[in-house]
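Examination of the molecular architecture
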Amino acid sequence: MTTRTLIYTLAICTGIATATEAPAPVLWYKQPAIISETPLPWATSAKATGNLPGKPAKNGEGKLTNDSWESQTLPIGNGRIGGTVYGGDHLDRINLNEVSLWTGGPNAPQNGHNYKYGPTAGKDAFGCYQPFGNLYVQFTLPEEKVESYRRELDLQKAVHSTTFECADAKHTRLSFVSEPDDVLVYTATADKPGRVSAKIALMPYHNVSYSVAPGNTIIMSGTLANGQLFEGRIQVRTKGGKARLVHAGKKDLNLTYGRSRQENSVQPIIDPTGIPYVEVNEADSMAILVTLATNYKQSYKANWVGKDPAKHNKSTLAKVSKKSMRDILADHVANYSSLFKRLSIYLGSAGEAVDAMPTDERIARYKTTQHDPGLEALIYQYGRYVLISGSRPGNLPVNLQGIWNNKVTPPWACDYHNNINLQMCYWGAEVANLSECHQPLIRFIDTMRAPLRESTKKQFGKHVRGWTTRISQNPWGGGGWVKWNPPVNAWYALHLWDHYQYSGDINYLRKTAYPILKEICHFWEDELKEVGANGVGLKTQNGEKAPITNLTVEEFPELAEIKPGTLVCPMGWSHEWGPLEDGCMHDQQLVWELFENTIAAARILGVDEEWTEKLAEKQARLAGNRIGSGGYLQEWIVDRQTFPGGKSSLSGQRHTSHLIGVFPGSSISLVKTPELAKAAMKSLELRGLTADNRRSWTWPWRTALWARFGKADKAHSMVQHYILYNLLDNLFGDHPPMQMDGTFGMAGGMSEMLLQSHAGQIELLPALPQAWADGYIHGIRARGNITVSMAWKNGEVTSYTLTTTTPNPKPVMVVVNGVAKETTPTVVKK
Ligand code: FUC
């Protein structure tokens, strides 16, 4: 089978014609992922699975593990239901997830102090995201050897396939999660009749009850310790042969949890005897339909409780039973690809042979050559793939692992971590042309306001309006970690504003974004602290248990420049190092941008003139950025080069908090503030590239930062570092352990190298590296509801077009090959 497809992109509507041989975006492997030994209803041990050997993999702690979920399985999803596919030939497994299955609750009494999680955490604990179950399919194959094995994930269709030959038949298994039909589908066929024989079970992670229903249907339902109801159903359809339900009458399952050495985590211990399963004998083909649901409703008013999951599953299967498999697949592909195909990208190639390599071998090759623009383009498109598969309107947003998780005690609770991770997952949403996939984050921000208003008052005092939150959040309005993250509300505001800037949707601005922006401003109006001349009143605390002391002009002479009446954000933490202190630059920059954008929004809407005048007056008094004695941008209001004890406060830290005004913010830029931009560059250089700098999410951020500084080869080297140090075989990001922020984030980070639109103009190829000298991108987005397509050769733009769906567009300034030109976008239909 060839992975190469000749794509002639004749963009008639955009006027750009490119005839480029671009490889189809596909991940593929010559071996299945290793499935750890597990007892199944038809066998107390599935040790001898008969599978082809998998690749020994390391877990997040760097130890070899028998289960290679983390680095070898491939994700599928529809934003609600997620699966990670192992692709075994004899025994196959899909780890199943549903986006809302969460233990814990609002953890009100000890909010944040009770960061207890796990499979049995109750309402008073923070809880964690839970895996739902596992679909196991044990095939009976002839004794002959399995040959020509291949598993692949086709990013153009969002379909996983496993193909191989055994005896004289070719076997094909497909899996995908349909958004229109809301089911996960697994099919098995062979090109000779009667060759599909298998046993199929749905295995749990929690205490469940089993029942069965007509049509070879198995139902698995349960209630978590926090009262959340969940239910999963599988239904098996066959063509030819026979299928029957084997049900020994076992209903209730009581699990215990123990540490599994194989998976190096806590796992359920299951006695499988008597669990119902479906047996298929000598069918021509079979299809397994999986539906999962909980009774979660994203509404504080409804106490987070919604519809009965059983009803949902029953009606989903009833609806889908009227459709042929061909139609289910066709509708899935049409739905998914209508989003994916909006953007195509070609950055060059290291040759046909490299483009055709298995993905894991290709990554290994990259580690020695560091040259494979095709792999880099694949990483970009994979970021878009996981966003479409993990984040669809109407659902919760993606968490630390997207929606894919196989552990009942996942790292960091698999929560909504908001000091970089959650936000980064959405950096590609607008610019990479997936605006509707941004909706789950925007809705999350919106729906968490009600509980957060209450906890914010408890923490900051009754007089404080608005809301903010702790560093990690759960879907119950609860917060994890003792520490609050006050400026995160202003960071969230950037997302709300960006969605307007890219879409130009004035109704959204009026009804959704502006009221939230205003409320966040209220919080800061009440929280900002005024200091005197010489910074009198500035406080610092060297760690949570240390005494709070004053910052003085005697110790920090630079405070002499602080004017009386200066406003600072109180006691911030420049993620996650240094003291708790007034006026951290990360906080100051975010609040400055919040005020700036809110004032702009009010002007557009023609509202709140008087109030925004006051806001502008406050904005002008915010303590601003300062350039430190070493020419770097100060991270704190005082010029620190070391912390008490002598450790450097400039290098070796993964967060680049004080550069947030460069990206994802835009208050510091080469165009608007060249001196500060130069200092910010120095700060970034000083951070270094080793040790703590190497994390899943550090590289996409630094890619975007260097791109904003116009340093193409530096930006590209951040992409290279990501691949060298923090990329797993399945293109998941590795913190370690696996963390999906980097995976999502690269779509955003790399976009900044190709197009920027934050400084009042559209710049084409602002940071194009040597390695991508010839290429094209069709369908990248710029602020102002503009879609850009362009091609380039030897680093120079050779053709470009701008389109918009906004009637009567105004001309915009476009920088092409260093020259600014006024261009009016062409109007196209929505
Ligand atoms: C933040 C980061 C860590 C990690 C965690 C989940 O706290 O500082 O590196 O990504 O989130």
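Conventions adopted
- Residues numbered from 1 in each chain as written.
- Predicted model: local features only at pLDDT ≥ 70, side-chain atom pairs only at ≥ 80, totals over all residues.
- Heavy atoms only, no water.
- Helix = DSSP H or I, 4+ residues; strand = E, 2+ residues; numbered from the N terminus.
- Buried < 20%, exposed > 50% of the residue type's maximum accessible area, 1.4 Å probe, protein only.
- Contact = heavy atoms within 4.5 Å.
- Near = heavy atom within 4 Å.
- Polar contact = N/O pair within 3.5 Å; in protein donor to acceptor, adjacent residues only side chain to side chain.
- Areas by Shrake-Rupley, 256 points an atom, 1.4 Å probe, with all protein chains shown as cover.
- Pairing = 2+ DSSP bridges.
- Axes fitted to C-alpha atoms, helices over the stretch in contact; angles between N-to-C directions.
- Parallel < 35°, antiparallel > 145°, perpendicular 65-115°, else oblique.
- Nonpolar A, V, L, I, M, F, W, Y, C, P; charged D, E, K, R; others polar.
- Expected span 1.5 Å × (residues − 1).
- Arc of directions from axis to C-beta.
- Phe/Tyr/Trp six-rings, centres within 6.5 Å; stacked < 30°, edge-to-face > 60°.
- Lys NZ or Arg CZ within 6 Å of the ring centre and 35° of its normal.
- pLDDT = per-residue confidence, 0-100.
- Left-handed = near helix turned anticlockwise from the far one by under 90°.

1. Digging into the overall build of the protein
- From N to C terminus, the protein includes 17 helices and 41 strands.
- Taken over the C-alpha atoms alone, the protein extends approximately 85 × 60 × 50 Å along its principal axes.
- Looking at the protein residue by residue over its 830 residues, the buried ones come to 63%.
- Contacts in the protein between residues far apart in sequence, at least 24 positions, make up 68% of those at least 6 positions apart.

2. A few points about the site of the ligand
- Around the ligand, the surrounding shell consists of Leu400, Trp412, His417, Asn419, Asn421, Glu576, Arg654, His655, Trp697, His735 and Gln739.
- A distance of 2.8 Å separates an oxygen atom of the ligand from a polar side-chain atom of Arg654.
- With respect to the ligand, the side chain of Trp697 contributes an N or O atom lying 3.0 Å from an oxygen atom.
- With the chains in place, 98% of the 290 Å² that the ligand exposes on its own is no longer accessible.

3. Focus: the sheet that holds strand S15 (residues 208-213)
- Within the open sheet, the 10 strands sit side by side as S3-S10-S11-S12-S13-S23-S17-S16-S15-S19. Their pairing is antiparallel. Single-partner strands in this sheet number two, and they are strand S3 (26-29) and strand S19 (252-253).
- Two strands pair when backbone bridges link them, and strand S11 (residues 159-166) and strand S12 (residues 169-178) are joined in this way by 7 bridges, in the antiparallel orientation. Bridging across to S12, Ser161 finds its partner in Leu174.
- Contacts from helix H3 (residues 325-340) reach S11, S12, strand S13 (183-190), strand S17 (229-239) and strand S23 (285-294), with the element oriented near 55 degrees to S12.

4. Concerning the packing of helix H8 (residues 439-447) against helix H9 (residues 449-460)
- Direction vectors running N to C along H8 and H9 enclose 45 degrees, while the axes themselves pass 5 Å from each other. Comparing the axis directions of H8 and H9 gives the class oblique. Between H8, through Ile445, Asp446 and Thr447, and H9, the contact on the second element is made entirely by Arg449, Ala450 and Pro451.
- Class assignment of the residues belonging to the contact of H8 with H9 gives a composition of 3 nonpolar, 1 polar and 2 charged.

5. Remarks on helix H13 (residues 609-621)
- Taking 1.5 Å of rise per residue, the 13 residues of H13 would be expected to cover 18 Å, and the 19 Å separating its terminal C-alpha atoms lies within 8% of that figure.
- Turning to H13, its buried residues are Trp611, Thr612, Leu615 and Gln619. Looking straight down H13, one finds its buried side chains confined to an arc of 90 degrees; they lie on one side. Opposite the buried face of H13, by more than 90 degrees, sit the exposed residues Glu609, Glu610, Glu613, Lys614 and Ala620.
- Those residues of H13 that are buried are in contact with helix H11 (506-527) and helix H12 (585-605).

6. A closer look at the sheet that holds strand S27 (residues 479-484)
- Pairing is antiparallel in the open sheet, where 3 strands are placed in the order S25-S26-S27. A strand with exactly one partner marks an edge of an open sheet, and here the two such strands are strand S25 (416-417) and S27.
- When strand S26 (residues 470-473) meets S27, the two strands line up antiparallel, connected through 3 bridges. The partner of Gln473 across the bridge, within S27, is Gly479.

7. Details of the environment of Ala782
- By the secondary structure assignment, Ala782 is in strand S36 (residues 775-782).
- Note: C-alpha distance between Ala782 and Leu755 (27 residues apart in sequence) is 7.6 Å.

8. Comments concerning unusual backbone geometry
- Of note, the amide linkage connecting Phe663 to Pro664 takes the cis form, showing an omega dihedral of 5 degrees.
- Cis geometry marks the peptide bond from His735 to Pro736, where omega comes out at -10 degrees.
- Residue placement: Pro736 occurs in the loop between helix H16 (712-725) and helix H17 (741-754).
- Even without glycine at this site, Asp182 takes up a positive phi of about 55 degrees.

9. Brief notes about the packing of aromatic side chains
- Counted under the stated rule, the structure contains 23 aromatic pairs.
- Ring geometry for Trp577 and Trp636: centres 6.1 Å apart, planes at 50 degrees, overall tilted. On the criterion of sequence distance, the pair formed by Trp577 in the loop between strand S32 (572-573) and strand S33 (580-581) and Trp636 in the loop between H13 and helix H14 (674-687) is long-range, its members being 59 residues apart.
- Owing to a relative accessible area of 1%, Trp636 belongs among the buried residues under this scheme.
- A network of ring pairs unites the aromatic residues Trp102, Phe126, Tyr416 and Phe444 as a single cluster.
- One Lys or Arg, Lys518, reaches over the ring of Trp611 and ends 5.6 Å from the middle of that ring.
- Taking the ring centre of Trp636 as reference, the NZ or CZ of Arg640 above it sits at 5.4 Å.

10. Observations regarding the confidence of the model for the protein
- In the predicted model, the protein carries a mean pLDDT of 94, and 94% of its residues have values of at least 70.
- Across residues 1-19, confidence stays below pLDDT 50; counting only partners more than four residues off in sequence or on other chains, it has 41 contacts.

11. Here's the deal with the side chain of His332
- Relative to the helices and strands, His332 is located in helix H3.
- Judged by its relative accessible area of 2%, His332 falls in the buried class.
- Within the structure, the side chain of His332 is placed 3.0 Å from the backbone oxygen of Ala158, a separation counted as a polar contact.
- For His332, the residues in contact, after removing those within four places along its chain, are Lys157, Ala158, Val159, Phe176, Val177, Ser178 and Pro180.

12. Topic: the packing of helix H5 (residues 359-369) against H16
- Running from N to C, H5 and H16 cross one another at 125 degrees; their axes reach a closest spacing of 9 Å. What the angle tells us is that H5 and H16 run oblique. Seen along the crossing, H5 lies across H16 with a hand that is left-handed. Residues Ile363, Tyr366 and Lys367 of H5 touch H16, and the partners they reach there are His716, Gln720, Ile723 and Leu724.
- Within the contact of H5 with H16, the residues separate by chemical class into 4 nonpolar, 2 polar and 1 charged.

13. Looking at the side chain of His655
- The topology assignment puts His655 in the loop between H13 and H14.
- For His655, the side chain forms a polar contact with the side chain of Glu576, separated by 3.4 Å.

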